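Now for the letters of each chain:
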Amino acid sequence: MTRRLTDVAKKAGVSEATVSRVLNGREGVSEATRTAVLTALDVLGYERPTKLRGERARLVGLVLPELQNPIFPALAEVVTGSLAQRGFTPALCARTLGGVSEADYVDMLLDHRVSGVIFAGGSYALADARHDHYRRLTDRGLPVVLVNAGVGDLGFASVSTDDAVAVEQAYGHLRSLGHEHVGMLLGPADHVPSQRKLDAALACQRGAKAPETAVQRSSFSMEGGRAATAKLVEAGATGIICASDVLALGAIRAVRRLGRRVPEDVSVIGFDDSAFMNCTDPPLTTVRQPIEAMGQAAVDLLVHQMEGVGVATDELLFEPELVVRGSTGPAPRR
């Protein structure tokens with residue numbers, strides 16, 4: 001008990017006597033101090049006293065699929081900063097291979113009585129994945145926001161990059177450079193954002209009366225991107241549109257391993273415009289997700305739900321921006 005008081009007092013920046021008054025429900029403590037003590041208790045993983053368990057903490061979960069892809073730390077920076085400005089404590093939950101699953105994180109967050117959860121790149125984006133843990137959040141009436149497209153029957157508010165516009169921009173850029181054989185390097189078959197990109201590419205192809213677009217699927221890794229790209233190049237693609245910057249970097253490596261050059265022989269376009277893509281060799285042409293605006297919007301939607309303001313479950317779409325750098329160039333002459 002003494003250690004708990006010491007830990008919570010240090011975390012909340014108050015005295016142990018103040019912590020004791022809060023935990024025992026005594027008067028003489030401001031609401032701001034009381035909230036700080038209860039939040040510190042939740043963050044440190046200590047169980048609340050029985051009489052205080054009915055209240056949710058000012059703790060918000062941010063669940064990410066990984067931190068190796070720079071786009072997710074960028075989103076985390078925006079979301080956690082915005083939450084902190086509003087008086088909430090962000091709890092960052094990043095999955096690792098063979099580690100804690102998204103469903104496990106949901107259980108942990110519910111045990112800590114969080115006020116809401118923001119997900120990015122989760123199981124909701126995979127049509128064939130299990131979605132039971134999202135139902136638990138719905139059953140508890142917990143505010144939730146999803147970042148980027150997912151299955152349509154969960155009933156959560158969501159903010160997304162407009163995948164159709166992204167592909168139209170990328171495809172149009174390659175066509176303007178004379179590329180007639182365009183390849184798509186996408187995520188798994190049940191990955192909803194990848195399917196949206198494919199649908200948009202096929203629509204572009206029909207409109208341009210171009211040859212059929214070559215498609216390869218991969219895990220979102222450089223290794224997967226390398227293997228899939230080799231097949232696209234062998235199929236004759238001179239321009240490749242990738243579903244992430246990480247895949248695009250794998251594609252560039254694959255092209256070089258085949259003894260070809262980027263962009264002289266094969267042009268490559270990424271998706272995200274994550275950190276340092278202007279420092280690659282060559283600098284990567286990519287479609288920029290408006291992460292700052294999307295992160296702020298996700299927090300706004302979540303806070304509105306917490307405050308009892310009705311929020312539409314319609315997807316809020318944000319327009320991306322094509323950033324042209326050195327990885328794209330004129331189609332090679334045959």
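What comes next is a walk through the structure. Note that this is a predicted model, so its numbers are computed, not measured.

## Description of the sheet that holds strand β6 (residues 182–186)
- With mixed pairing, the 6 strands of this open sheet are ordered in space as β7-β6-β8-β9-β10-β12. Edge positions in the sheet fall to β7 (214–217) and β12 (321–323), since each of these pairs with one other strand and no more. Between one strand axis and the next, the sheet turns through 20° on average, direction left out of account.
- As judged from the 4 bridges shared by β6 and strand β8 (residues 239–242), these two strands associate in the parallel manner. Bridge assignment links L185 to a residue of β8, and that residue is C242.
- Sheet strands touched by helix α7 (residues 163–176): β6, β8, β9 (267–272), β10 (285–288) and β12. Its angle to β9, the strand with the most contacts, is close to 160°.

## Quick notes on helix α5 (residues 102–111)
- E102, Y105, V106, L109 and L110 are the residues of α5 that are buried. The buried residues of α5 occupy an angular sector of 135° when the element is viewed end-on, so they sit on one face.
- Of the surrounding secondary structure, the elements contacted by the buried residues of α5 are β1 (59–64), β2 (89–94), β3 (116–120) and α6 (132–139).
- Directly beyond the C-terminal end of α5, a positive phi value near 55° is found at R113.

## Looking at the sheet that holds β2
- Pairing in this open sheet of 6 strands is parallel, and the strands run β2-β1-β3-β4-β5-β11 from one edge to the other. At either margin of the open sheet sits one strand with a lone partner, and together these are β2 and β11 (315–318). Ignoring which end each strand starts from, the neighbouring axes of this sheet average 15° apart.
- With 3 bridges joining them, strand β4 (residues 144–147) and strand β5 (residues 157–161) adopt parallel strand pairing. Directly across from L146, in β5, lies its bridge partner S158.
- Those strands touched by α5 are β1, β2 and β3, and its axis lies near 155° from that of β2.

## Some remarks on the side chain of T328
- Secondary-structure assignment places T328 in the segment after β12.
- Residue classification places T328 among the buried positions, given a relative accessible area of 10%.
- A polar contact of 2.9 Å, which involves the side chain of T328, links it to the side chain of H173.
- Excluding anything up to four places from it in sequence, T328 contacts H173, L174, L177, P263, S267, V268, I269 and T285.

## Digging into the packing of helix α2 (residues 16–23) against helix α3 (residues 31–43)
- As a packed pair, α2 and α3 sit with axes 10 Å apart at the nearest point and diverge in direction by 90°. The angle between the axes of α2 and α3 places the two elements in the roughly perpendicular class. For the pair formed by α2 and α3, the contact residues are T18, V19, V22 and L23 on the first element and T33, R34, V37, L38 and L41 on the second.
- Here the contact of α2 with α3 is composed, by residue class, of 6 nonpolar, 2 polar and 1 charged.

## Regarding the pattern of salt bridges
- Taken as a whole and judged by the stated rule, the model has 12 salt bridges.
- Between D107 and R136 there is a salt bridge whose closest N-O contact spans 3.0 Å. Of the two residues, D107 is situated in helix α5 and R136 in helix α6; the sequence distance between them amounts to 29 residues.
- Looking at D107, the relative accessible area reads 32%, which means it is partly exposed.
- R136 gets classed as partly exposed once you look at its relative accessible area, which sits at 29%.
- Residue D132 is joined to R130 by a salt bridge in which the shortest nitrogen-to-oxygen separation is 2.4 Å.
- Residue R130 is classed as exposed on the basis of its relative accessible area of 62%.
- Through salt bridges with shared partners, a single ionic network connects D273, R288, E321 and R325.

Conventions and cut-offs
- Residues numbered from 1 in each chain as written.
- Predicted model: local features only at pLDDT ≥ 70, side-chain atom pairs only at ≥ 80, totals over all residues.
- Heavy atoms only, no water.
- Pairing = 2+ DSSP bridges.
- Helix = DSSP H or I, 4+ residues; strand = E, 2+ residues; numbered from the N terminus.
- Axes fitted to C-alpha atoms, helices over the stretch in contact; angles between N-to-C directions.
- Contact = heavy atoms within 4.5 Å.
- Buried < 20%, exposed > 50% of the residue type's maximum accessible area, 1.4 Å probe, protein only.
- Arc of directions from axis to C-beta.
- Polar contact = N/O pair within 3.5 Å; in protein donor to acceptor, adjacent residues only side chain to side chain.
- Parallel < 35°, antiparallel > 145°, perpendicular 65-115°, else oblique.
- Nonpolar A, V, L, I, M, F, W, Y, C, P; charged D, E, K, R; others polar.
- Salt bridge = Lys/Arg side-chain N within 4 Å of Asp/Glu carboxyl O.

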